[in-house]
Amino acid sequence: MNTTTSIEEIKPPITNVGVIGWLRQHLFNGIFNSIATVLILVLLIRVIPQFFQWAFIDSVWFSSGQECHQAKGACWSVITQNIRFNVFGYFPYEEQWRPLVAMIMLVGMLIYSRDWNRWNKKLGYAWIFALFVMGLLMKGGLFGLVPVESTKWSGLPLTLLLSFFGILASYPLGVVLALGRQSNMPVIKSFCVVYIEMIRGVPLITMLFMSTVMFPLFLPEGVTIDKVLRAQAAIILFTAAYIAEVVRGGLQAMDKGQYEAAESLGLNYFQMMRKIILPQALKIVIPPTVGILISAFKDTSLVVIIALYDILNTTKSILSEPEWTGFSTEAYIFIAMIYYICCFSMSQYSRRIEKQLEYKNTPPQQTS
Amino acid sequence: MSTEQASSQPQAKDEQPIIEIIEMHKWFDDFHVLKDINLKVMPQEKIVVCGPSGSGKSTVIRCINRLEEHQRGKIIVNGTELTRDLKNIERVRTEVGMVFQHFNLFPHLTILENLTVGPIWVRKTPKKEAEELARHYLEIVRIPEQANKYPGQISGGQQQRVAIARSLCMKPKIMLFDEPTSALDPEMIKEVLDVMVDLAREGMTMIVVSHEMGFAKTVADRVIFMDFGEIVEENDPYEFFDNPQHERTQLFLSQIL
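Note that this is a predicted model, so its numbers are computed, not measured.

Draft legend 1. Looking closely at the overall build of chain B. Across its full length, chain B holds nine helices and ten strands. A globule of 257 residues ought to have a C-alpha radius of gyration of about 18 Å, and chain B, at 18 Å, matches this closely. Its C-alpha atoms give chain B principal-axis dimensions of about 50 × 40 × 40 Å. For chain B, the proportion of its 257 residues judged to be buried stands at 60%. Intrachain contacts of chain B at a sequence separation of at least 6 include 67% that bridge at least 24 residues. Carbon and sulfur atoms provide 47% of the accessible area of chain B, an area that totals close to 11,200 Å². Looking at charge distribution, chain B has the averaged site of its 30 positive side-chain charges lying 6 Å from that of its 39 negative ones.

Dropping the structure here:
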């Protein structure tokens, strides 16, 4: 007997902890869940080995299309043999290192900038410089680089370009529109309402169509605006309207007292919005905002409709070659993985931001 | 029912009132919330406003820094008349501090940042100086050790004291208190009232919407009773609580005491 401590520490019952406890709690807590667990297990057992067989054991990786047609498993050759066209599309073959370097720069800059403690003037200049270099690499025409028409920009670089600038520009524009919609000034307010409601009433495809087909009709003769730029503008204007509505939700969720406190300190409208209201409102709406940005990223694939060759469209044209027809599963799995990596990093990043912005809320006692 | 007796104005008569409300009316849509309000407040005067809920007492003080707009009459604060002119409104707001029932601290900023945001952005005080100022006022409200916490981490009474300090950092000439203790747990009311008493003794001009009788008796020069959007009675605190003149005042006091 232990005499020094009156109360012996008792371990929790074995059924509540460890593997058995976990299984009980998560997989077999109740009849319905137990049945679901068993069913899903059966399904997995039937599907996974088959998929594994198809994807890895019977598969061909570096063969021609003919050999592929004889193979039983997956034909990954459709990707490996066409990778350069798939990723870079119609960008001149010898110059494809240029978009590659540009993409690596973009991704590198994004990864470096992910932590906002690093955001300072220097980084701003670095971005301006990097964007200039990327533009130069894509466009050429200086320093002995062969000029490349923007109509030849295609594949993954085009997708990244459209979505990067689409997101970058539509977010602030959306915030401004949301503030405008809340404005007391009738002209600004009605402009924003009409804009937002009109854009939200139209599918993105229509906007893209209008930007390519109708918009040029209104331009004076001889004036042309780059097709990629027009598609880019359509994406920005479209996404901004949705962002605006989400941000408006955040603004409305704000306690009126926050506005009053800021006003009674004598802050003017812009100071109040910038220092007090927007930091809180935008934080509230991070999850839906990121949802919209992710779907904007995926929606760039709609530029197919105006004959821009983004990565989805280059895949399609590979599949339309007789040698490679019938291997759409493999090709699309590859594209899906690229999209998934991008979207998943975005949502992970947003969760990280949310965590960082969480208010320190561990009060000793708090009155409401 | 305006009471214009200059019964209890302790300050020198030749001084200009710092707040002057003349025949002020206010409507919320069709509802006539404030009816013919007349009020003169001399510098350094302390006024406690009480009355049943919905009597318009908060609305009156919210009109003084234009959180609410009045529709008729005049409000002149520190020589500036409140009109639609945004410049005037901003000028008045920098001179008038306000403390709210629900504190309204900025939850995304630390206590120190809550205090410095006004001086830095409105008064254009350099950051270092603003922080010294903030720490000074945190001493005055007796919580210098909380400077780097967030509002969510401190108690209600502490939050309200921070809110008072936040207003004081703007070095206002007038402080308005809108039921500063009614959202607080009983044991925290005193710590906030103590700070307010100190402030009153320093000579701040104060208008306090409150039912704290003890506070009114300690510091108030006048108590104003409002009901149905009118000023019903106005008297010095002892007279007011011990010997109410008006029937409605008597009824109200019998209910709260």
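Draft legend 2. Layout of the interface of chain A and chain B. At the interface, 29 residues of chain A touch 34 residues of chain B. Of the roughly 2,600 Å² buried at the junction of chain A and chain B (both faces included), carbon and sulfur atoms supply 58%. Across the contact surface, chain A and chain B share two salt bridges. Two residues, A:Glu263 and B:Arg93, come together in a salt bridge whose shortest N-O distance is 3.8 Å. Here chain A and chain B share six residue pairs in polar contact (both at pLDDT 80 or more) between them. Each residue belonging to the side of chain A that touches chain B can be placed in one class, and the counts come to nine nonpolar, 13 polar and seven charged.

Draft legend 3. Spotlight on the layout of surface pockets. Residue and element names in this part refer to chain A. Considering only enclosed or pocket space, the largest pocket measures out at about 2,300 Å³ in volume. Counting only elements with at least two residues in the lining of the largest pocket, the list comes to helix 6 (97–112), helix 7 (121–139), helix 8 (156–181), helix 13 (269–284), helix 14 (286–299) and helix 16 (328–357). Looking at the lining of the largest pocket, the element that brings in the most residues is helix 16, giving ten residues. Split into classes, the residues belonging to the lining of the largest pocket amount to 35 nonpolar, nine polar and six charged.

Draft legend 4. Seen up close, helix 6 (residues 186–201) of chain B. Residue and element names in this part refer to chain B. Here helix 6 is 16 residues long and its end C-alpha atoms lie 24 Å apart, about the 22 Å a rise of 1.5 Å per residue gives. For helix 6, the complete set of buried residues consists of Met 188, Ile 189, Val 192, Leu 193, Val 195, Met 196, Val 197, Leu 199 and Ala 200. For helix 6, the secondary structure elements touched by its buried residues are strand 3 (46–50), helix 5 (156–168), strand 7 (174–178), strand 8 (205–209) and helix 7 (213–219).

Draft legend 5. Geometry of the pairing of strand 1 (residues 19–28) of chain B. Residue and element names in this part refer to chain B. Pairing of strand 1 with strand 2 (residues 31–41) involves seven bridges; the strand directions are antiparallel. Bridge pairing in strand 2 places Glu 20 opposite Lys 40. Turn length for the strand 1-strand 2 hairpin, with the two strands adjacent in sequence and antiparallel, is two residues, and the turn residue Asp 29 shows positive phi of about 50°. Note that strand 1 and strand 4 (residues 72–77) share five bridges and pair antiparallel. Across the sheet, the residue bridging to Glu 20 is Ile 76, located in strand 4.

Draft legend 6. Quick look at the sheet that holds strand 2 of chain B. What the four strands build is an open sheet, ordered 2-1-4-5 (chain B); its pairing is antiparallel. Strand pairing shows two members of the sheet lacking a second neighbour, strand 2 and strand 5 (80–81) of chain B, which therefore form its edges.

Draft legend 7. The packing of helix 8 of chain A against helix 14 of chain A, seen in detail. All names here are of chain A. Running from N to C, helix 8 and helix 14 point in directions that differ by 150°, and their axes come no closer than 9 Å. Relative to helix 14, the element helix 8 lies roughly antiparallel. Pair helix 8 / helix 14 crosses with right-handed handedness. The residues of helix 14 that touch helix 8, namely those facing Thr 159, Leu 160, Ser 163, Ile 167, Ser 170 and Tyr 171, are Thr 289, Leu 293 and Phe 297. When its residues are assigned to classes, the contact of helix 8 with helix 14 shows five nonpolar, four polar and no charged.

Draft legend 8. Region of the structure containing unusual backbone geometry. Residue and element names in this part refer to chain B. The residue Arg 142 is not glycine, and still its phi comes out positive at about 70°. Position of Arg 142 relative to the elements: it lies in the loop between helix 4 (127–140) and helix 5. Residue class for Arg 142 comes out partly exposed when judged on its relative accessible area of 41%.

Draft legend 9. Molecular detail of the nonpolar core. If you look at the biggest cluster of nonpolar residues, it comprises 123 residues, and the most contacted ones within it are A:Leu251, B:Ile19, B:Ile21 and B:Val77. The leading source of residues in this core is helix 11 (residues 227–253) of chain A, at twelve residues. Within the second largest apolar cluster, 48 residues are counted, among which are B:Cys50, B:Ala134, B:Val197 and B:Phe241.

Calculation criteria
- Residues numbered from 1 in each chain as written.
- Chains lettered and ligands numbered in written order.
- Predicted model: local features only at pLDDT ≥ 70, side-chain atom pairs only at ≥ 80, totals over all residues.
- Heavy atoms only, no water.
- Helix = DSSP H or I, 4+ residues; strand = E, 2+ residues; numbered from the N terminus.
- Rg over C-alpha atoms; globule rule 2.2 N^0.38 Å.
- Buried < 20%, exposed > 50% of the residue type's maximum accessible area, 1.4 Å probe, protein only.
- Contact = heavy atoms within 4.5 Å.
- Areas by Shrake-Rupley, 256 points an atom, 1.4 Å probe, with all protein chains shown as cover.
- Lys, Arg positive; Asp, Glu negative; His and termini not counted.
- Charge placed at Lys NZ, Arg CZ, Asp CG, Glu CD.
- Buried area = accessible area lost by both parts, 1.4 Å probe.
- Salt bridge = Lys/Arg side-chain N within 4 Å of Asp/Glu carboxyl O.
- Polar contact = N/O pair within 3.5 Å; in protein donor to acceptor, adjacent residues only side chain to side chain.
- Nonpolar A, V, L, I, M, F, W, Y, C, P; charged D, E, K, R; others polar.
- 1 Å grid on protein atoms, 1.4 Å probe; cavity = no way out; pocket = protein on both sides within 12 Å on 5 of 7 lines; lining within 4 Å.
- Points joined across faces, edges and corners; volume = space filled by probe spheres on them.
- Expected span 1.5 Å × (residues − 1).
- Pairing = 2+ DSSP bridges.
- Axes fitted to C-alpha atoms, helices over the stretch in contact; angles between N-to-C directions.
- Parallel < 35°, antiparallel > 145°, perpendicular 65-115°, else oblique.
- Left-handed = near helix turned anticlockwise from the far one by under 90°.
- Core = buried A, V, L, I, M, F, W, Y, C linked by side-chain atoms within 4.5 Å.

The analysis is restricted to geometry; functional conclusions fall outside its scope.
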